[in-house]
Amino acid sequence: MTSGSQATPAATVPDHPAHEDLVDEKIILCYYVAALTFLTVSMLAGLLVALQLVHWNVLRGIELLSPGRWRMIHTNAIAYGFLANAFLGTLHWVVPRLTFHKVLSKPLSWFIFVTWQVIVGLTALGIILGPTFQDQPWLLELAKQWRLPMNLGAQGLEWGETPFWIDPVALLGLLLVAVNFMVPIGKSKGPMYVTLWYFMAAFVWTFLTYAMGNLLPEYVVAGTSAGAIGGLFIHDLVGLFVTPLGWGLMYYFVPILLKRPIWSHGLSLVGFWGLAFFYPLQGIHHFLYTPIPMFLQYGAVISTIAVELVVATVVINFFGTLGKKGSEFFTNLPIRYFYTGMVFYFITCFQCALQVTLTFQKLIHFTDWVVGHAHLVMFGVFSLWLFGIMTYLFPRLLGRPWYSRTLCEYHYWLSSVSLFVMFLDLTLAGVFQGWYWASLQPWDASTDGSQPFWITRVFAGLGMFAGLLCFLANLWMTWRGAEAAERSSGRVAAATA
Amino acid sequence: MTEFTKPTPAMASARTANEPLPEAGRSAGTPHLGMTSRQAWVTMALAVLILIPSMYGFVGKFVEFVHIYRGASGGEFAIAPILNYLLASAGFFCMLLWAAWNGMFRDVERPKVEFLENERLLDRDVRT
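Residues numbered from 1 in each chain as written. Chains lettered and ligands numbered in written order. Predicted model: local features only at pLDDT ≥ 70, side-chain atom pairs only at ≥ 80, totals over all residues.

Participant: Which parts of the structure should I look at to understand the overall build of chain A?
Facilitator: If you tally the helices and strands in chain A, you get 17 helices and 1 strand. The C-alpha radius of gyration of chain A comes to 23 Å, within 12% of the 23 Å expected for a compact globule of 497 residues. Along the first, second and third principal axes, the C-alpha atoms of chain A reach 70 × 50 × 45 Å. Counting contacts in chain A only where the partners sit at least 6 residues apart, residues at least 24 apart contribute 82% of the total. (Helix = DSSP H or I, 4+ residues; strand = E, 2+ residues; numbered from the N terminus. Rg over C-alpha atoms; globule rule 2.2 N^0.38 Å. Contact = placed C-beta atoms within 7 Å.)

Right under this line is the structure:
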């Protein structure tokens, strides 16, 4: 697909490839459509759970749609449905353009695309249907005969609820992803740009993290050791899968949009290697005050605080790059998404350094503080970055400017402001809940006291969902080639490119 | 599949002699590949602050692992996570050595300019 862009023959500059020879734009569009579909499902699931907490479950009495199952759909659809699909689509743009080499195989790319959607779909089915089916006599007999685990539905691991029978297929998919993208990276010569370092690390780490988190607690270790592995898995999924891909993409897109190189490439490499050695130490901080030996807990606390130095390198580098081009923040929408995400990233990491201390944990453990923190990092940082990338790439992929700049603006403001309201609301709710529990009041007192916060959360979630609807409507109108709503389509193009 | 050669900075500069270069605080037409002294100081300071403690952490975890292996109390809880960390980090430690050995950190600022030049080459052929 030439995306409506008219390409001159590649022979213009004979020794470098043409964009359309390198990049398969059709697969990027397919990945983005899949990502936005799963995002819609995930946000609807989040709204259902939020409504349940304010005693307004619209699906009450329907077992298959119970909040416990929808909560897992909410988290899994975001991690594996939205983020993974959007990242994979964007990688098909970035890696070939950075290395000047195509991905290993186009058919393999399509095979991975289809397989990944099947994996995410089956995960959802397993989560929804598994608990209902697994106490059927015929299935019990089958499991006994073949010595299979009985958790046909969700696996008992936070963020790793993918049913055990899908794990090998998911691992194979991740391996194929690594091979498909590592081959072009391996072919590139000379010192590598920092984005490629991050991507290489992500391909290795994601495979290892997934294998560790899903296989070890299921088949190898049990009890506290399995808990420690679970802690590593939760955190490494964010830090070793999403973070390197996210920062790798920022190091790629920000210089392009600002039309200036990153402030210091050396500093970016310091940040990368710091992440490589510091980050894998941290996961145990999810299990403070547990029987896990204290030297491990202290080690995790110290390394989490130390990783703030790594975060500082990244923040200094990107704000150094922005430099005197600060006005781009207001005029260039993708840049605004990127830098808003970076500010949220700094907040979330700063919060991390505080909340991993034993003092903070006494108050906030198991409270909504943690939920607010998770939303800030997954939506406020990585989802906003991906929205920014999509805002930049969709016009290039479709070959026309956005239908409406206004809808683009609504998407940004509704997403970022509503998310920030939700973050503040849940953080405050967490403090209240912590004090309710510390004062030894009955459990009901804490849930009753949480109602104002949970009601606010519903409205914040509705705001975020409304932002997504603006984006989807804008995309629909742009895709079908509707005339740009604003009189000056040049203004729309300038704001998003 | 057609194989392409990644252009050297010299080739990129020659091709784009008539085009404005990305803004990098340098004289027109000459890619600036070095660091300013401020960038060098900040980079060095943060490198010392980050890489030395992270190496210390790596060695520390290895020492812990040895103690646990020798039978320190409560050690069995820690073996799985520490082994996991050591396996992942050992791989990256080897990669760091390989990268240094192969000159990946020489002329460390060059890739940031080269990448923008390559992007411009790709986009120059596409008229939107």
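Participant: Please clarify how the overall build of chain B should be interpreted in this entry.
Facilitator: Of the regular secondary structure elements, chain B holds 4 helices and 1 strand. For chain B, with 128 residues in total, the buried portion stands at 29%. Within chain B, contacts between residues at least 6 apart in sequence are counted, and of these 58% link residues at least 24 apart. (Buried ≥ 20, exposed ≤ 12 C-beta atoms within 10 Å, placed from the backbone.)

Participant: For this particular structure, what's the right way to read the packing of helix H12 (residues 333–355) of chain A against helix H14 (residues 368–398) of chain A?
Facilitator: Geometry of a packed helix pair, given as the angle between the helix axes and the separation of the axes. Residues and elements named next belong to chain A. Interaxial distance between H12 and H14 falls to 8 Å at its minimum, and their mutual angle equals 160°. Relative to H14, the element H12 is oriented roughly antiparallel. You can see that H12 and H14 cross each other, and the crossing is left-handed. Here H12 contributes Leu-333, Pro-334, Tyr-337, Phe-338, Thr-340, Gly-341, Phe-344, Tyr-345, Ile-347, Thr-348, Gln-351 and Gln-355 to the contact with H14, which in turn contributes His-373, Leu-376, Val-377, Gly-380, Val-381, Leu-384, Trp-385, Phe-387, Gly-388, Ile-389, Thr-391 and Tyr-392. Residues that form the contact of H12 with H14 fall into these classes: 15 nonpolar, 9 polar and no charged. (Axes fitted to C-alpha atoms, helices over the stretch in contact; angles between N-to-C directions. Parallel < 35°, antiparallel > 145°, perpendicular 65-115°, else oblique. Left-handed = near helix turned anticlockwise from the far one by under 90°. Nonpolar A, V, L, I, M, F, W, Y, C, P; charged D, E, K, R; others polar.)

Participant: I would appreciate a short explanation of the nonpolar core in the present structure.
Facilitator: Soluble globular proteins tend to bury their nonpolar side chains together. Residues and elements named next belong to chain A. Counting residues in each nonpolar core, the largest one holds 155 residues, and the members touching the most others are Ala-35, Leu-83, Phe-199, Met-250, Phe-338 and Trp-385. Sorting elements by how many residues they give to this core places helix H8 (residues 223–258) first, with 19 residues. With residues up to four places along the chain from it excluded, the contact list for Ala-35 reads Phe-82, Asn-85, Ala-86 and Gly-89. (Core = buried A, V, L, I, M, F, W, Y, C linked by C-beta atoms within 7 Å.)

Participant: Got a minute to help me understand the environment of Glu-117 of chain B in this structure?
Facilitator: Residue and element names in this part refer to chain B. Topologically, Glu-117 is positioned in helix H4 (residues 110–124). Glu-117 gets classed as buried once you count the C-beta atoms within 10 Å, which come to 21. Here the alpha-carbon distance between Glu-117 and Ser-89, two residues 28 residues apart in the chain, equals 34 Å.

Participant: Would you mind showing me how to read unusual backbone geometry here?
Facilitator: All names here are of chain A. In this structure, Phe-100 takes a positive phi of about 65° despite not being glycine. Mapped onto the elements of the fold, Phe-100 is located in the loop between helix H3 (67–99) and helix H4 (106–133). Of note in this structure, Tyr-289 is not a glycine but carries a positive phi near 65°. On the secondary structure map, Tyr-289 appears in the loop between helix H9 (265–278) and helix H10 (294–322).

Participant: It is not clear to me how the packing of H10 of chain A against H12 of chain A should be interpreted in this structure. Could you clarify?
Facilitator: All names here are of chain A. Running from N to C, H10 and H12 cross one another at 160°; their axes reach a closest spacing of 10 Å. Relative to H12, the element H10 is oriented roughly antiparallel. For the element pair H10 and H12, the recorded crossing hand is left-handed. Residue-level contacts link Thr-304, Ile-305, Glu-308, Val-311, Val-315, Phe-318 and Leu-322 of H10 to Tyr-339, Met-342, Phe-346, Cys-349, Cys-352 and Ala-353 of H12.

Participant: Would you mind showing me how to read H10 of chain A here?
Facilitator: Given 3.6 residues per helical turn, the α-helix brings residues three or four places apart onto the same face. With 29 residues, H10 of chain A should cover 42 Å at 1.5 Å per step; its first-to-last C-alpha distance of 43 Å lies within 8% of that length. Count one or two residues on from H10 of chain A and you reach Gly-323 of chain A, which has phi positive near 45°. (Expected span 1.5 Å × (residues − 1).)

Participant: Which parts of the structure should I look at to understand the environment of Arg-106 of chain B?
Facilitator: Residues and elements named next belong to chain B. With respect to the secondary-structure elements, Arg-106 resides in the loop between helix H3 (75–101) and H4. What makes Arg-106 exposed here is the crowd of 10 C-beta atoms within 10 Å. Sequence separation between Arg-106 and Leu-51 is 55 residues, and the spatial gap between their C-alpha atoms is 18 Å.

Participant: I tried to follow the confidence of the model for chain B on my own but got confused; where do I start?
Facilitator: When pLDDT drops low, the exact placement of atoms in the prediction is not to be read closely. Residues and elements named next belong to chain B. Taken as a whole, chain B shows an average pLDDT of 67; of its residues, 52% reach a score of 70 or greater. Per-residue pLDDT, averaged within each element of chain B, yields its smallest value for helix H1 (residues 9–15) (41) and its largest for H4 (91). Segment residues 1–32 is flagged for pLDDT under 50; beyond a separation of four residues in sequence, or across chains, it makes 45 contacts in the model. Reported confidences for the modelled complex are a pTM of 0.85 and an ipTM of 0.81. (pLDDT = per-residue confidence, 0-100.)

Participant: Just to check I follow, could you spell out the environment of Pro-217 of chain A for this structure?
Facilitator: One can find Pro-217 of chain A in helix H7 (residues 194–220). Under the C-beta neighbour-count criterion, Pro-217 of chain A is labelled buried, with 23 such atoms within 10 Å.

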